[in-house]
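Report on the structure
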Amino acid sequence: MSRSSQCDGGRWEMDANKRLSELSNGYQHAIVLLTAARAGVFAAMGRQAQPADALARRLGFDARALEIVLLALAADGIVTREDDGFRIHPDFAPLLLPDSPTTQDSILKHNYACMKRWMSLDEVLRTGRPASEPAALLPHEDMRNFICGMANISRLSSAEVAARVDLSGFRRMIDVGGGPATSSIVFCQKYPQLNCVVFDLPGPLRIAREEIARAGMDARIETRAGDYFRDELGEGFDLAYVSNIIHSMGPDDSLMLMRKCHRALTPDGTLLVKDFFLDDSRTAPNFAAFFSVNMLTGTAQGKSYTLRETQDLLARAGFGDFRHLDVAAASGLLIARKA
Ligand SMILES: C[S@@+](CC[C@H](N)C(=O)[O-])C[C@H]1O[C@@H](n2cnc3c(N)ncnc32)[C@H](O)[C@@H]1O
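The structure displayed is predicted, hence computed values, not measured ones.

Here we come to the pattern of salt bridges. This structure, assessed with the given rule, holds 16 salt bridges. With a closest N to O distance of 3.5 Å, K18 and E22 form a salt bridge. Taken together, the positions of K18 and E22, both in helix α2 (residues 11-38) and 4 residues apart, correspond to about one turn of that helix. According to the relative accessible area criterion, E22 is partly exposed, its value standing at 44%. When the shortest N-O distance is used, the salt bridge between E160 and R164 registers 2.9 Å. Remark: R164 and E160 occur in helix α9 (residues 140-164); sequence separation between them is 4 residues, near one turn of the helix.

Laid out in structure tokens, this is it:
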């Protein structure tokens with residue numbers, strides 16, 4: 001035991017041990033939650049209380065195993081235990097039920113796939129190479145969970161961007177790697193003069209077109225299939241939106257993409273880059289520091305960038321007049337003008 005722990009009656013050791021135990025056992029909570037989502041437990045529970053054995057029969061699961069998992073979910077407050085069985089806690093039902101408009105079902109299923117690749121971190125440490133293919137190129141179900149997961153998480157942050165940045169002066173936006181078109185839809189709903197082009201790979205764009213049609217936005221939002229590493233983005237846009245893209249690439253590719261945005265914009269055009277920015281210490285915010293590990297396991301060069309690094313990249317690509325906002329879901333928004 002160290003001298004300091006002897007001086008404070010072992011308090012330091014108790015506190016440090018508690019923290020170590022919380023961190024080292026944290027995987028258990030994530031695995032129980034994500035496995036239940038991935039296995040369709042919440043979808044099968046619906047809004048009713050369900051006895052564990054009846055639920056197990058419907059899902060084809062072992063009754064004892066499912067009951068132990070449901071009790072752990074109850075211990076974490078995700079479900080409640082009632083006389084007639086287990087029910088999703090009312091606070092979480094709108095987030096866990098797949099048919100709810102505020103569902104997080106797809107992002108939980110995507111996080112399950114991320115968790116599996118995080119388990120290869122020891123191999124990634126040895127090789128420096130990612131543990132899986134880029135998520136946008138994964139087999140059908142995993143790609144769908146990834147892209148629909150982006151819709152789950154970007155609904156709120158897109159609404160916040162639309163509320164805090166005045167987009168009423170823009171007519172034509174390129175949504176670079178726009179995935180399920182969530183941001184384009186949310187921006188067009190708020191700003192009736194705006195039209196958007198969602199640029200993405202062909203697979204994700206199939207989901208974008210479903211979402212655009214569901215929102216009744218076919219007349220105002222087009223899709224353009226392309227690969228931003230190979231193709232130009234188009235031209236004549238007065239606004240470019242690059243949300244959660246640069247963290248998937250290294251600095252050279254980020255610069256290349258920012259230059260493509262510069263070419264796609266009209267003189268005086270505006271660029272919005274949204275991402276999980278680190279501060280200059282690179283250790284905070286905590287979410288961004290860990291998101292960098294997510295990108296380490298899932299991409300060849302990706303990482304979380306600091307705001308300052310991103311601003312420097314944008315300046316090298318020909319942008320200036322920078323502004324920054326913190327937005328929902330641990331994100332930052334960097335606003336720049338084509339110089
Ligand atoms: C993390 S998601 C972000 C989606 C959306 N911008 C948002 O913030 O919700 C990254 C997006 O980039 C797209 N993407 C990945 N590689 C691409 C490429 N080479 N060319 C075009 N889009 C690509 C993916 O399909 C996905 O939609």
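We are not done yet, so read on.
Another point: the domain arrangement of the chain. Structurally, the chain comprises domain 1 (3-103) and domain 2 (121-338). Between the C-alpha centres of domain 1 and domain 2 there is a distance of 32 Å. Tallying the contact residues gives 4 residues for domain 1 and 4 residues for domain 2. Between domain 1 and domain 2, roughly 310 Å² of surface is buried when both sides are summed, and carbon and sulfur atoms account for 24% of that area. Summed over the three residues of domain 1 that lose the most area to domain 2, namely R38, T102 and T103, the buried surface amounts to 85% of that side. A salt bridge links R38 to D142; its shortest N-O distance comes to 3.6 Å. Connecting domain 1 to domain 2 are 1 residue pair in polar contact (both at pLDDT 80 or more). Looking at the side of domain 1 that touches domain 2 residue by residue, the classes come out as 1 nonpolar, 2 polar and 1 charged.

Another point: the site of the ligand. Among the 18 residues in the neighbourhood of the ligand, the closest are listed as G177, D200, D227, Y228 and S243. Taking G177, its main chain carries an N or O atom lying 2.8 Å from a nitrogen atom of the ligand. With 4 residues, α9 is the single largest residue contributor to the shell around the ligand. Of the residues contributing to the shell around the ligand, the split by class is 9 nonpolar, 7 polar and 2 charged.

Before going further, it helps to examine the sheet that holds strand β7 (residues 265-275). Adjacent strands of a sheet pair through backbone hydrogen bonds, lying either parallel or antiparallel. Overall, mixed pairing links the 7 strands, which are arranged β5-β4-β3-β6-β7-β9-β8 in an open sheet. If you trace the sheet from one side to the other, it starts and ends with β5 (221-225) and β8 (319-327), each paired once. The sheet shows a mean angle of 20° between the axes of neighbouring strands, direction not considered. Judged from the 7 bridges that link them, β8 and strand β9 (residues 331-338) form a sheet pairing that is antiparallel. Considered in β9, the bridge of G320 is made with R337. With respect to the sheet, α9 is in contact with β6 (237-243), β7, β8 and β9, its orientation differing from that of β8 by roughly 125°. Relative to the sheet, helix α12 (residues 251-264) contacts β3 (172-176), β6, β7, β8 and β9, its axis offset from that of β7 by approximately 145°.

Thresholds, definitions, all that
Residues numbered from 1 in each chain as written. Predicted model: local features only at pLDDT ≥ 70, side-chain atom pairs only at ≥ 80, totals over all residues. Heavy atoms only, no water. Salt bridge = Lys/Arg side-chain N within 4 Å of Asp/Glu carboxyl O. Helix = DSSP H or I, 4+ residues; strand = E, 2+ residues; numbered from the N terminus. Buried < 20%, exposed > 50% of the residue type's maximum accessible area, 1.4 Å probe, protein only. Domains from an automatic or database assignment. Contact = heavy atoms within 4.5 Å. Buried area = accessible area lost by both parts, 1.4 Å probe. Polar contact = N/O pair within 3.5 Å; in protein donor to acceptor, adjacent residues only side chain to side chain. Nonpolar A, V, L, I, M, F, W, Y, C, P; charged D, E, K, R; others polar. Near = heavy atom within 4 Å. Pairing = 2+ DSSP bridges. Axes fitted to C-alpha atoms, helices over the stretch in contact; angles between N-to-C directions.

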